[in-house]
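Report on the structure
Chain by chain, the residues:
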Amino acid sequence: MSSSEKIKRKFVKALIVLMEREPLDRITVTEIVEICEVTRPTFYRHFKDKYDLVNWYFDILAQKSFRQMGVSLSLREGLITKFQLMMEERIFFTSAFSSSAQNCLIDYDYECIYQFYQEVIHKKGEDLLTPEMDFLLRMYCHGSIYMTAEWTKNKMPLTPEEITDRLIKALPPKLYELLKDL
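Remember, predicted model here, so these are calculated numbers, not experimental data.

**Quick word on the overall build of the protein**
Helices and strands together make up the secondary structure of the protein, namely ten helices and zero strands. Secondary structure elements of the protein, listed N to C terminal, follow the sequence α-α-α-α-α-α-α-α-α-α. C-alpha atoms of the protein, sized along the principal axes, occupy 50 × 35 × 30 Å. Residue burial in the protein is summarised as follows: out of 182 residues, 47% are buried. Across the protein, every contact between residues at least 6 apart in sequence was considered, and the portion connecting residues at least 24 apart equals 68%. Accessible surface, the protein: about 9,700 Å² in total, of which carbon and sulfur atoms supply 52%. Taking the average location of the 25 positive side-chain charges in the protein and that of its 27 negative ones, the two points are 4 Å from each other.

Okay, structure coming up:
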């Protein structure tokens, strides 16, 4: 692991410690760097702000879960893995999904899954992402992120399998046909 990767992970650990005590929106970069015993410029060499740090860590976790759909995991397996990781990182996700600030995880997660599904559909055929299909995709992505955030903020009352199965059932039929083979 590079020194850059090590310091980034150190920032994440500090952030999670702080998330145990206070909401993400109240945490400051000063608090993060104090725990890490580094300077603010060190933090800003790696991240624009604390939300950029949150989104970077989300990307790390996404590489292990939904971005593996169609590679080494099916649609269902990728979603289950994502929700299992979220349960393991409960403090992080509960706090991150509670924020609605600019550059927040809800917006970032939406962009990630929307782009991911767009690419999957595009690979199946350039003409498949019609305006109607794009509308269905955007609607589904917004709904699934909202339900994921709600699930997280409500102390994850469903198992990863249950939330996954409900999200798959919520896929519009035309969209399901394009994504079921992942």
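Next comes the rest of the write-up.
**A few points about the packing of helix α5 (residues 75–88) against helix α6 (residues 90–97)**
What describes two packed helices is the angle between their axes and the distance between those same axes. Look at α5 against α6: their axes get within 5 Å of each other, and the N-to-C directions meet at 95 degrees. In terms of orientation, α5 lies roughly perpendicular with respect to α6. Packed against α5, whose contacting residues are Leu85, Met86, Met87 and Glu88, the element α6 presents Arg90, Phe93 and Phe97 at the interface. For the contact of α5 with α6, the class distribution of residues is five nonpolar, no polar and two charged.

**So, the pattern of salt bridges**
Applying the stated rule across the entire model yields seven salt bridges. Among the salt bridges present, the one from aspartate 165 reaches arginine 76, with a minimum N-O distance of 2.7 Å. You can see aspartate 165 sitting in helix α9 (residues 160–169) and its partner arginine 76 sitting in helix α5, a full 89 residues away along the chain. Classification of arginine 76 by relative accessible area gives partly exposed; the value is 36%. With a closest N to O distance of 3.3 Å, lysine 82 and aspartate 109 form a salt bridge. Of this pair, lysine 82 sits in helix α5 while aspartate 109 sits in helix α7 (residues 105–124), placing them 27 residues apart in sequence. Of the two residues, lysine 82 and aspartate 109, neither departs from the other in class, the shared state being buried.

**Thoughts on the packing of aromatic side chains**
Given two aromatic rings, their pairing is described by the distance between the two centres and the angle made by the two planes. For the structure on display, the rule yields 13 aromatic pairs. Seen from their ring centres, phenylalanine 58 and phenylalanine 93 are 6.4 Å apart, and the 75 degrees between their planes marks the pair as edge-to-face. You can see phenylalanine 58 sitting in helix α4 (residues 50–63) and its partner phenylalanine 93 sitting in helix α6, a full 35 residues away along the chain. Phenylalanine 58 gets classed as buried once you look at its relative accessible area, which sits at 2%. With a centroid separation of 5.6 Å and 5 degrees between ring planes, the pair formed by tyrosine 110 and tyrosine 114 is classed as stacked. Of the two residues, tyrosine 110 and tyrosine 114 are both situated in helix α7; the distance of four residues between them amounts to about one turn of the helix. Of the two residues, tyrosine 110 and tyrosine 114, both sit in the buried class.

Conventions we followed
Residues numbered from 1 in each chain as written. Predicted model: local features only at pLDDT ≥ 70, side-chain atom pairs only at ≥ 80, totals over all residues. Heavy atoms only, no water. Helix = DSSP H or I, 4+ residues; strand = E, 2+ residues; numbered from the N terminus. Buried < 20%, exposed > 50% of the residue type's maximum accessible area, 1.4 Å probe, protein only. Contact = heavy atoms within 4.5 Å. Areas by Shrake-Rupley, 256 points an atom, 1.4 Å probe, with all protein chains shown as cover. Lys, Arg positive; Asp, Glu negative; His and termini not counted. Charge placed at Lys NZ, Arg CZ, Asp CG, Glu CD. Axes fitted to C-alpha atoms, helices over the stretch in contact; angles between N-to-C directions. Parallel < 35°, antiparallel > 145°, perpendicular 65-115°, else oblique. Nonpolar A, V, L, I, M, F, W, Y, C, P; charged D, E, K, R; others polar. Salt bridge = Lys/Arg side-chain N within 4 Å of Asp/Glu carboxyl O. Phe/Tyr/Trp six-rings, centres within 6.5 Å; stacked < 30°, edge-to-face > 60°.

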